[in-house]
Amino acid sequence: MQLVVGRIGRAHGIRGDVSVEVRTDEPELRLGPGAVLFTDPAAIGPLTVETGRVHSGRLLLRFAGVKDRTAAEALRGTMLIAEVDPDETPDDPDEYYDHQLIGLDVVLADGTPVGELTEVLHLPYQDLLTVQRPDGTEVLIPFVEQIVPTIDLDEQRVVITPPPGLIDAADAGAGAGAEEGSGDGSDAGPGAGPDAGENGGSDAGENGGGA
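All values derive from a computational prediction rather than experimental measurement.

Details of the overall build of the protein chain
Check the secondary structure of the protein chain and you find four helices and 12 strands. Within the protein chain, the proportion of its 211 residues that are buried is 44%. Here the protein chain has roughly 10300 Å² of accessible surface; of this, 50% comes from carbon and sulfur atoms.

Quick notes on the environment of E155
With respect to the secondary-structure elements, E155 resides in the loop between β11 (150–152) and β12 (157–160). You can call E155 exposed: its relative accessible area is 55%. Sequence-wise, E155 and L104 are 51 residues apart; in three dimensions their C-alpha atoms are separated by 8.8 Å.

Examining the pattern of salt bridges
It is possible for side chains of opposite charge to pair when their charged atoms get near one another. Counted by the stated rule, this structure contains three salt bridges. Taking the shortest distance from any N to any O, the salt bridge between D17 and R62 comes out at 2.8 Å. Residue D17 is located in strand β2 (residues 17–22), and its partner R62 is located in strand β5 (residues 58–63); the two are separated by 45 residues in the primary sequence. Three or more residues joined by partner-sharing salt bridges are found here, namely D17, R53 and R62.

Examining the sheet that holds strand β8 (residues 113–122)
Pairing in this open sheet of six strands is mixed, and the strands run β10-β9-β8-β7-β12-β11 from one edge to the other. Looking along the sheet, the strands with just one partner apiece sit at the ends: β10 (138–142) and β11. Taken over all neighbouring pairs, the strand axes of this sheet differ in orientation by 35 degrees on average, direction set aside. As paired strands, strand β7 (residues 105–108) and β12 are joined by four bridges and run parallel to one another. Counted as the bridge partner of V107 is V159 from β12.

Examining the sheet that holds β5
One closed barrel accounts for six strands, arranged β1-β2-β5-β4-β3-β6; its pairing is antiparallel. Between one strand axis and the next, the sheet turns by 50 degrees as a mean value, whatever way the strands run. Of the pairings in the sheet, the one linking strand β3 (residues 36–40) to strand β6 (residues 79–83) comprises three bridges and is antiparallel in character. Directly across from T39, in β6, lies its bridge partner L80.

Some details on unusual backbone geometry
In this structure, the amide linkage connecting D40 to the following residue, P41, adopts the cis form with an omega of 10 degrees. Relative to the helices and strands, P41 resides in the loop between β3 and β4 (47–55). The omega torsion of the bond from G45 to P46 falls at 0 degrees, within 30 degrees of zero and hence cis. Along the polypeptide, P46 turns up in the loop between β3 and β4. The backbone phi angle of S56 is positive, close to 55 degrees, even though this residue is not glycine.

Notes on the confidence of the model for the protein chain
In low-pLDDT regions, the fine details of the predicted coordinates are not to be read closely. Of all residues in the protein chain, 73% have pLDDT values of 70 or greater, and the mean over the chain is 79. Of all helices and strands in the protein chain, the one with the weakest mean pLDDT is helix α4 (residues 169–180) (47), whereas helix α2 (residues 69–73) scores best (96). pLDDT under 50 marks residues 174–207. Its contacts with residues more than four places away, or in other chains, come to 155 contacts.

Overview of the side chain of T130
Here T130 lies in strand β9 (residues 127–132). For T130, a relative accessible area of 2% puts it in the buried group. Beyond its immediate sequence surroundings of up to four residues, T130 is in contact with E116, L117, T118, E119, L121, E138, V139 and L140.

Quick look at the pairing of β10
Here five bridges tie β9 to β10, and the two strands are oriented antiparallel to one another. Each residue of the ladder has a partner; that of Q132, found in β10, is E138. Taking the residues between adjacent antiparallel strands as the criterion, β9 and β10 are bridged by five residues, where G136 takes a positive phi near 95 degrees.

Brief notes about the pairing of β4
Of the strand pairs in this sheet, β3 and β4 are connected by two bridges, and their pairing is antiparallel. When the bridges of β4 are listed, V36 appears paired with T48. In this structure, β4 lies alongside β5, joined through six bridges in antiparallel fashion. In the strand pairing of β5, V49 is matched with F63. From the end of β4 to the start of β5, which pair antiparallel, there are two residues, and S56 there has a positive phi angle of about 55 degrees.

Parameters at a glance
- Residues numbered from 1 in each chain as written.
- Predicted model: local features only at pLDDT ≥ 70, side-chain atom pairs only at ≥ 80, totals over all residues.
- Heavy atoms only, no water.
- Helix = DSSP H or I, 4+ residues; strand = E, 2+ residues; numbered from the N terminus.
- Buried < 20%, exposed > 50% of the residue type's maximum accessible area, 1.4 Å probe, protein only.
- Areas by Shrake-Rupley, 256 points an atom, 1.4 Å probe, with all protein chains shown as cover.
- Salt bridge = Lys/Arg side-chain N within 4 Å of Asp/Glu carboxyl O.
- Pairing = 2+ DSSP bridges.
- Axes fitted to C-alpha atoms, helices over the stretch in contact; angles between N-to-C directions.
- pLDDT = per-residue confidence, 0-100.
- Contact = heavy atoms within 4.5 Å.

What follows is the structure, given as structure tokens:
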């Protein structure tokens, strides 16, 4: 399975270093020296990580064969993709890979259906879960333990306890009921977190998943 673990940003310095937007909770594993990464666009890769370091809070990588700023700048915007065993799980039991989470049912603590988890967003400040509701609209749920206390892979569901205003419980229940009553037989059933990722698999933060 291929998961996005990073996105190349601007060139840094004159020796071929690039900044990388990390989309995995296991950067040491997925983006460490020696890692071979596929790319999107595919024609740019594969890329082999030669060196890595953190500078002013940003991850800087240098890839084999990329020797100067011009070559580094040409990589800007490229997605970095790791090959991950679909049966692999994070070492930390409280972390999940994105592919383990996507497709799970999302419900409130009382069992009220909210929708289906369709994407894990790895943002610089926080990971978010994208949940598609029965009416087709989407809601973003901060992926933190206080709001996402339970992930049950056996039951294929995520339990959320959103603060007031984040999601309307009455609308969630009504939306599910309206869809069930439409006669089309559809529902919001199922279709997983520091490698994305493992983005792409990516991993998600403190409760998180990804690559």
